[in-house]
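# Chain and residue survey
The primary structure of each chain is shown beneath.
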Amino acid sequence: MGRVGRILFPAILVLAVYYAVFGGEYSIFEIGSARQELARVQEELERLRAENDSLRAWADSLETDRWTIERLAREEHGLVRDGEEIVRITGGEPQDTARSPE
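Report follows, based on the coordinates. (Residues numbered from 1 in each chain as written. Predicted model: local features only at pLDDT ≥ 70, side-chain atom pairs only at ≥ 80, totals over all residues. Heavy atoms only, no water.)

A separate point is the overall build of the protein. The number of helices and strands found in the protein is three helices and zero strands. In the protein, the order of α-helices and β-strands from amino to carboxyl end is α-α-α. For 102 residues, the compact-globule formula gives about 13 Å, and the C-alpha radius of gyration of the protein, at 35 Å, lies well above that figure. Counting only C-alpha atoms and orienting by the principal axes, one finds that the protein spans roughly 105 × 60 × 10 Å. (Helix = DSSP H or I, 4+ residues; strand = E, 2+ residues; numbered from the N terminus. Rg over C-alpha atoms; globule rule 2.2 N^0.38 Å.)

What follows is the structure, encoded as structure tokens:
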């Protein structure tokens with residue numbers, strides 16, 4: 001290996017390491033970014049699976065449990081049984097009529 005080979009080989013090696021670390025599609029930064037994206041997507045997938053399980057349980061309750069259907073009808077449509085009364089509570093300020101002026 002001559003003088004040119006001793007200079008050229010380390011230079012090519014340095015360039016190859018630089019490209020592997022900082023350049024190209026598979027650089028260290030791209031791999032780190034892809035890992036972060038993968039973690040975010042996995043968290044979102046887990047959240048959606050939990051939501052899906054909850055919705056399946058709700059659908060199953062609506063298909064099989066008559067008490068769930070009754071509760072939903074009462075809440076959504078204000079249905080009552082014979083002899084029951086509906087009491088509505090509004091969020092207004094209570095009026096105190098028992099106060100005497102001072």
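Here we come to the pattern of salt bridges. Evaluated as defined, the whole model comprises eight salt bridges. We note a salt bridge from Arg40 to Glu37, for which the minimum N-O separation is 2.7 Å. One end of the pair, Arg40, and the other, Glu37, are both in helix 2 (residues 28-64), three residues apart, so they sit about a helical turn from each other. For Arg74, the salt bridge goes to Glu70, with nearest N and O atoms at 3.0 Å. Of this pair, Arg74 and Glu70 are both found in helix 3 (residues 66-77), four residues apart, which corresponds to roughly one turn of the helix. Exposure remark for Arg74: the relative accessible area of 28% places this residue in the partly exposed category. (Salt bridge = Lys/Arg side-chain N within 4 Å of Asp/Glu carboxyl O. Buried < 20%, exposed > 50% of the residue type's maximum accessible area, 1.4 Å probe, protein only.)

Evaluated as defined, the whole model comprises zero aromatic pairs. Positioned above the aromatic ring of Trp67 is the side chain of Arg66, whose terminal nitrogen or guanidinium carbon lies 4.2 Å from the ring centre. (Phe/Tyr/Trp six-rings, centres within 6.5 Å; stacked < 30°, edge-to-face > 60°. Lys NZ or Arg CZ within 6 Å of the ring centre and 35° of its normal.)

The terminal C-alpha atoms of helix 1 (residues 3-22) lie 29 Å apart, and with 20 residues this matches the ideal 28 Å at 1.5 Å per residue to within 8%. Where helix 1 terminates, the next one or two residues include Gly24, which has phi positive at roughly 80°. (Expected span 1.5 Å × (residues − 1).)

Let us now look at the packing of helix 2 against helix 3. The description of two helices packed together rests on the angle between their axes and the distance between the axes. Running from amino to carboxyl end, helix 2 crosses helix 3 at an angle of 100°, the nearest separation of the two axes being 6 Å. When the axes of helix 2 and helix 3 are compared, the pair comes out roughly perpendicular. Facing Trp58, Ser61, Leu62 and Thr64 of helix 2, the residues of helix 3 in contact are Arg66, Thr68, Ile69, Arg71 and Leu72. Split by residue class, the contact of helix 2 with helix 3 holds four nonpolar, three polar and two charged. (Axes fitted to C-alpha atoms, helices over the stretch in contact; angles between N-to-C directions. Parallel < 35°, antiparallel > 145°, perpendicular 65-115°, else oblique. Contact = heavy atoms within 4.5 Å. Nonpolar A, V, L, I, M, F, W, Y, C, P; charged D, E, K, R; others polar.)

Right, let's get into the side chain of Thr68. Positionally, Thr68 belongs in helix 3. A distance of 2.7 Å separates the side chain of Thr68 from the side chain of Asp65, its partner in a polar contact. Sequence-distant contacts of Thr68, defined by excluding residues within four places in its chain, comprise Trp58, Ser61 and Leu62. (Polar contact = N/O pair within 3.5 Å; in protein donor to acceptor, adjacent residues only side chain to side chain.)

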